[in-house]
Number of protein chains: 2
Amino acid sequence: MAKRLNDVDPEFSSAFDSMLAEKREVSADVDAVVRDIIDHVRVEGDVALVDYSRRFDEIDLTATGLEITSAEVDQAVETVETQTPDALEALRIAHDRIEAHHRRQLPESRTYKDAAGVILGDRWTAVDSVGLYVPGGLASYPSSVLMSAVPAKVAGVKRIVMVVPAPRGAINPLVLAAARMAGVSEIYRVGGAQAVAALAYGTKTIAPVVKIVGPGNAYVAAAKRQVFGVVGIDSIAGPSEVLVIADANNDPEWIAADLLAQAEHDTAAQSILMTDDAAFADKVEAAVAQQLATLPRGNIAGESWNVFGAIIVLRSLDQAPALADRIAAEHLEIATANADELAERINNAGAIFIGAHTPEVIGDYVAGSNHVLPTARSARFSSGLGVFDFMKRTSILKLDAAALEELGPTAMTLARSEGLEGHRRSVELRLGGSR
Amino acid sequence: MAKRLNDVDPEFSSAFDSMLAEKREVSADVDAVVRDIIDHVRVEGDVALVDYSRRFDEIDLTATGLEITSAEVDQAVETVETQTPDALEALRIAHDRIEAHHRRQLPESRTYKDAAGVILGDRWTAVDSVGLYVPGGLASYPSSVLMSAVPAKVAGVKRIVMVVPAPRGAINPLVLAAARMAGVSEIYRVGGAQAVAALAYGTKTIAPVVKIVGPGNAYVAAAKRQVFGVVGIDSIAGPSEVLVIADANNDPEWIAADLLAQAEHDTAAQSILMTDDAAFADKVEAAVAQQLATLPRGNIAGESWNVFGAIIVLRSLDQAPALADRIAAEHLEIATANADELAERINNAGAIFIGAHTPEVIGDYVAGSNHVLPTARSARFSSGLGVFDFMKRTSILKLDAAALEELGPTAMTLARSEGLEGHRRSVELRLGGSR
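Residues numbered from 1 in each chain as written. Chains lettered and ligands numbered in written order. Predicted model: local features only at pLDDT ≥ 70, side-chain atom pairs only at ≥ 80, totals over all residues. Heavy atoms only, no water.

1. Quick notes on the side chain of B:Asp57
Which entries qualify depends on this criterion: Think of it this way: any DSSP run of H or I at least four residues long counts as a helix, any run of E at least two long counts as a strand, and we number them from the N terminus. Summary of the burial criterion: residues with accessible area below 20% of their type's maximum are buried, those above 50% are exposed, and those between are partly exposed, where the area comes from a 1.4 Å probe applied to protein chains only. Here the positive residues are Lys and Arg and the negative ones are Asp and Glu; neither His nor the chain ends is included. Here a salt bridge means any side-chain nitrogen of Lys or Arg lying within 4 Å of a carboxyl oxygen belonging to Asp or Glu.
With respect to the element layout, B:Asp57 can be found in helix 3 (residues 46-57). It turns out B:Asp57 is buried and unbridged, and the closest side chain with the opposite charge, B:Arg168, is 8.8 Å from it.

Written as structure tokens, this is what we have:
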């Protein structure tokens, strides 16, 4: 049973604070272990990858090879075409929609000349190469492959490398099919901190990349943090979460299903309902209990809901925006009469799903928007994955003699005030040394 | 004397690789120390800040107060108005140009409805609050205050907090004047890892912020890395660097001055000249030696030039783009006949300065573009500071019943293929449960 918070309760504010402060993941201190792994990969290269894969994934890479060859991917695609053609077709629809949406995100390079005659520009270009981390085992989702590979492709990244652990040799063929569809250039069957190290520093088999993105376990997260600087990284992903703001004019079954869709990801996931109607909250809670009974991943979802689930009952949904901004949910569903208006008033959310016919799940798969979104309240300062993550902006400046004549003296004054005479001279010489 | 690389030399490729691999900073392992400092600040709050400031900055914050009050800033502005009115005026010009340029960077929120009837949007909003780290002592530059505070203001950040260490109580009044000019909301005289910890976790006096930006020493860098996730951070700054691509049709004095302007920052700074004319390279080298003799920071610049400086002589500048992309310089000056064309062919650079009348120093101060740029080859994957760093993008989705009818079945197929029955149900219930 989820915790219940009620804003008429004098303890509401402290209960809300506690909820925000709740740690949903034990952040095991794996830094030292990860540092060793990274060092080992830097020194030993492929040999270290073979060692760790034998130890952690129970696979002999000297037998299988580190790279998943194009022929193996062909085979996987064939398997999928035969066994689950509907899934392949659905993946294709999702791919095309994700591609279409992300194309619209492409930033425009711009250059202009200002009144002083200075040409200023911001030029966007793709990073040269990127490494996509894809978790193995149960959490190896083909949809996530599309969500990271497609924006990279749209951004114009030339070399897209995917790493995916193959515990006991197993790889989801649909993951390989998704990689093929999205234009992934190379795939290696290796995971964990060792895969991150290989992507950052390179080995004989795996050439280094410029940026690493994608979610992983605590070891992967720690490794990404440690190689940050050597390569770029995206944000560190935590357990998934949803905040559903719903008034009484909703089918409790629908809302319950949305809460459980999030909860079934992980026992550490969090589903929160915010409503202005206690009776509606009761109905949703009853529906959750009922749906849990028949949900295949009911034990996971149940634990998530019981431990981290929450129902927040407010006197008025007018207070919802301020509280939602503090929660800064990865996913925010708004199913109220004034959903659009409420959405406008909320600043912090990874993605907002407006109206009762926009379940979050649509965003997970086929809407076209990205499902890699900021977790653990980081929507306060970061954004979902997009083409921006695979591009960088170069500043362009161009002055002629006249423009330099106009701006130079100001630069010289500032250089002197900062005690940087060499800076001053670099301008002075060009102005004839006369000032 | 800078090292000389020549592409006719059979060793060129390995010499170039060595240059790229060169560590210019001893990355002291300060992680454990920083972890202690952060923990201490989290537990003890202001008391810890007082302790560390006494120890590291030789200042008694219980006497001076932690906050630099508005009255103190008034006083600093008055001092500057009296003593260096020209510097204040120059700072104002710089401020206005930086503001004008960054306004053009503001991303537009966009929403559209696609053929399936799905409304998709990307909505940009400012982060609520930001902490600006400003180094103290010699490297306390008012221009850098503008470069981080102005984009934050333009982005729409409501609360802009600045921290700056005050070694033995000293603060550069021009830094405070710049903060006032740029609209900084609060200033605290504290630096180091303790300041970063206070900004991330908050103390009684300093409310926590959402994102921390700005350069600092190894302790500050390590602290930013450790609090990443709790708050957002910008990239980790390393020593400054310039790559100048110049043909023989340049005044060697100008080019020498540009190399030294970079070198005078720090003994770990790096200045590289790339040219297709060995005789011109000799002239530049001679000019560097001559200018060094009279440069106030000549010992710093000289050490930087002798240890890390490099002259790369190529048979043809046609090879420059590929090499420049590998160097991925923070600052790239191109002073050649075909400078525009060459600039187009280079992807990796923090900022490009085109033509002989665009010394990098103009970008440091008054061009309007940002001078906080990616160092240590990180221009391969990251961008200079800009309004984007102070904003985040929220994905917006809205479907009506018809759009859900169209997309829902595809989402259900994918959910099932990923073993997420709860996801499937969330859509199925809305489609009448009939599929």
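2. Structural notes on the sheet that holds strand 13 (residues 351-354) of chain A
Note the threshold: By the convention used here, strands pair only if DSSP detects at least 2 bridges between them. Think of each axis as a best-fit line through the C-alpha atoms, taken over the contacting stretch in the case of a helix, with angles from 0 to 180 degrees between the N-to-C directions. Here, residues are in contact when the closest pair of their heavy atoms is within 4.5 Å.
Across the sheet, which stays open at both edges, the 9 strands sit in the order 1(A)-11(A)-10(A)-9(A)-12(A)-13(A)-14(B)-3(B)-2(B) with mixed pairing between neighbours. Of all strands in the sheet, those with a lone pairing partner are strand 1 (3-6) of chain A together with strand 2 (110-113) of chain B, marking the two edges. The sheet shows a mean angle of 15 degrees between the axes of neighbouring strands, taken without regard to direction. Relative to strand 12 (residues 331-335) of chain A, strand 9 (residues 241-246) of chain A is paired through 5 bridges, and the arrangement is parallel. Within the sheet, the bridge partner assigned to A:Val244 lies in strand 12 of chain A and is A:Glu333. Packing of helix 14 (residues 320-327) of chain A onto the sheet brings it into contact with strand 9, strand 10 (270-275) and strand 11 (310-313) of chain A, and relative to strand 10 of chain A it is tilted by some 170 degrees.

3. Quick notes on the UniProt feature "active site" (unreviewed entry) in chain A
Residues and elements named next belong to chain A. Where we set the bar: UniProt positions are given in the numbering used here, feature names are shortened, and annotations may be inferred rather than shown by experiment. A pocket here means an open set of points on a 1 Å grid, computed over the protein atoms alone, that has protein on both sides within 12 Å along at least five of seven lines. A cavity is instead a set of points where a 1.4 Å probe fits but cannot get out; residues with an atom within 4 Å of a point line either one. Here a polar contact is taken to be a pair of N or O atoms separated by no more than 3.5 Å, where protein atoms must pair a possible hydrogen donor with a possible acceptor and residues adjacent in sequence count only if both atoms sit in side chains.
UniProt annotation of "active site" (unreviewed entry) refers to Glu330 and His331 when read in the numbering used here. Of the annotated set, the members that line the second largest pocket are Glu330 and His331. In contact with Glu330, other than residues within four places in its own chain, are Pro239, Ser240, Glu241, Gln262, Gly350, Ala351, His371, Leu373, Pro374 and Thr375. A polar contact is formed between the side chain of Glu330 and the side chain of Ser240, at a distance of 2.9 Å. Residue His331 is classed as buried on the basis of its relative accessible area, which comes to 3%. Ignoring sequence-local partners within four residues, the contact set of His331 consists of Ser240, Glu241, Val242, Leu243, Gln262, Ala351, Phe353, Glu360, Asp364 and Leu373. At 2.9 Å, the side chain of His331 forms a polar contact with the backbone oxygen of Glu241.

4. Observations concerning a positive patch on the surface
For clarity, the threshold we go by: Patch membership is restricted to residues that have no salt bridge and whose relative accessible area is over 30%. Joining uses 9 Å for like charges and 5 Å for the nonpolar side chains Val, Leu, Ile, Met, Phe, Trp and Tyr. To be clear on the numbers: accessible area is Shrake-Rupley with a 1.4 Å probe, and residue cover counts the displayed protein chains and nothing else. Each charge is placed at NZ for Lys, CZ for Arg, CG for Asp and CD for Glu.
Judged by side-chain charge, A:Arg104, A:Arg110, B:Arg104 and B:Arg110 come together as a positively charged surface patch. Residue class for A:Arg104 comes out partly exposed when judged on its relative accessible area of 47%.

5. Focus: unusual backbone geometry
One non-glycine residue, B:Ala328, adopts positive backbone phi at about 50 degrees. Of note, B:Ala328 is situated in the loop between helix 14 (320-327) and strand 12 (331-335).

6. A look at empty space enclosed by the protein
Put simply, the rule is: Grid points are joined across faces, edges and corners, and a volume is the space filled by probe spheres set on the points. Note that Gly is not counted as nonpolar here; it falls among the polar residues with everything else outside the nonpolar set of Ala, Val, Leu, Ile, Met, Phe, Trp, Tyr, Cys and Pro and the charged set of Asp, Glu, Lys and Arg.
Tallied over the full model, the rule gives 6 cavities of 30 Å³ or more. Taken as a whole, the largest cavity holds about 80 Å³ of empty space. Along the walls of the largest cavity sit B:Tyr133, B:Val134, B:Pro135, B:Ser144, B:Val145, B:Ser148, B:Val213, B:Gly214, B:Pro215, B:Asp234, B:Val372 and B:Leu385, which together make up its complete lining. At 3 residues, the largest contribution of residues to the lining of the largest cavity is made by helix 7 (residues 142-155) of chain B. Looking at the lining of the largest cavity residue by residue, the class counts come to 8 nonpolar, 3 polar and 1 charged. Within this model, the second largest cavity holds a volume of roughly 60 Å³. Around the second largest cavity sit A:Asp122, A:Arg393, A:Ser395, B:His101, B:Gln105, B:Gly350, B:Ser369, B:Asn370, B:Leu373, B:Gly384 and B:Leu385, which together line it. The residue inventory of the lining of the second largest cavity, partitioned by class, reads 2 nonpolar, 7 polar and 2 charged.

7. Focus: the relation of the copies chain B and chain A
The following threshold applies: The least-squares superposition of copies is restricted to C-alpha atoms, and to residues with a pLDDT of at least 70 in both copies.
You can overlay chain B on chain A at an RMSD of 0.0 Å; the transform is a turn of 180 degrees with a shift of 0.0 Å along its axis. Each copy turns onto its partner about a two-fold axis. Every residue of chain B has its C-alpha some distance from the rotation axis, and the shortest such distance is that of B:Arg225, at 3.8 Å.

8. A few points about the environment of A:Ala322
Structurally, the position occupied by A:Ala322 is in helix 14. Separated by 252 residues in the primary sequence, A:Ala322 and A:Ser70 have C-alpha atoms spaced 51 Å apart.

9. Topic: the pairing of strand 13 of chain A
Residues and elements named next belong to chain A. For clarity, the cut-off: Convention used here: a crossover is right-handed provided that the path from the first strand, over the helix, to the second strand proceeds clockwise when the strands point away from the viewer.
What you see with strand 13 is no split at all: Ala351 and Phe353 on one side and Ile352 and Ile354 on the other are buried throughout. The pairing of strand 12 with strand 13 spans 4 bridges and is classified as parallel. Bridging from a neighbouring strand, His331 pairs with Ala351 of strand 13. Regarding topology, helix 15 (residues 339-344) serves as the crossover connection from strand 12 to the parallel strand 13, and that connection is right-handed.

10. Considering the side chain of A:Arg123
Here A:Arg123 is to be found in strand 3 (residues 119-126). Of the buried charged residues, A:Arg123 lacks a salt bridge, with B:Glu344 as the closest side chain of opposite charge at 4.4 Å. With residues up to four places along the chain from it excluded, the contact list for A:Arg123 reads A:Ser109, A:Lys392, A:Arg393, A:Thr394, A:Ile396, B:Ala343, B:Glu344, B:Ile346, B:Asn347 and B:Ile352.

11. Structural notes on the packing of helix 17 (residues 401-417) of chain A against helix 6 (residues 85-103) of chain B
Cut-off, in case you're wondering: By definition in this entry, angles of less than 35 degrees are roughly parallel, angles greater than 145 are roughly antiparallel, angles of 65 to 115 are roughly perpendicular, and the rest are oblique. A crossing counts as left-handed when the near helix is turned anticlockwise from the far one by less than a right angle, and as right-handed when that turn is clockwise.
Interaxial distance between helix 17 of chain A and helix 6 of chain B falls to 9 Å at its minimum, and their mutual angle equals 120 degrees. Judged by the inter-axis angle, helix 17 of chain A sits oblique to helix 6 of chain B. Judged by the twist between their axes, the crossing of helix 17 of chain A over helix 6 of chain B is left-handed. Contacts between helix 17 of chain A and helix 6 of chain B pair A:Leu407, A:Thr410, A:Thr413, A:Leu414 and A:Ser417 from the former with B:Asp86, B:Ala87, B:Ala90, B:Leu91, B:Ile93, B:Ala94 and B:Arg97 from the latter.

12. Here's the deal with the interface of chain B and chain A
Condition: Computed with a 1.4 Å rolling probe, the buried area is the accessible surface lost when two parts are put together, summed over both parts.
If you look at the interface, chain B gives 118 residues, while chain A gives 118 residues. Taking both partners together, chain B and chain A bury about 10300 Å²; carbon and sulfur atoms supply 56% of that area. Inspection of the chain B/chain A interface yields 8 salt bridges. B:Arg430 serves as the salt-bridge partner of A:Asp258, at 2.6 Å between the closest nitrogen and oxygen. The interface formed by chain B and chain A holds 65 residue pairs in polar contact (both at pLDDT 80 or more) in total.

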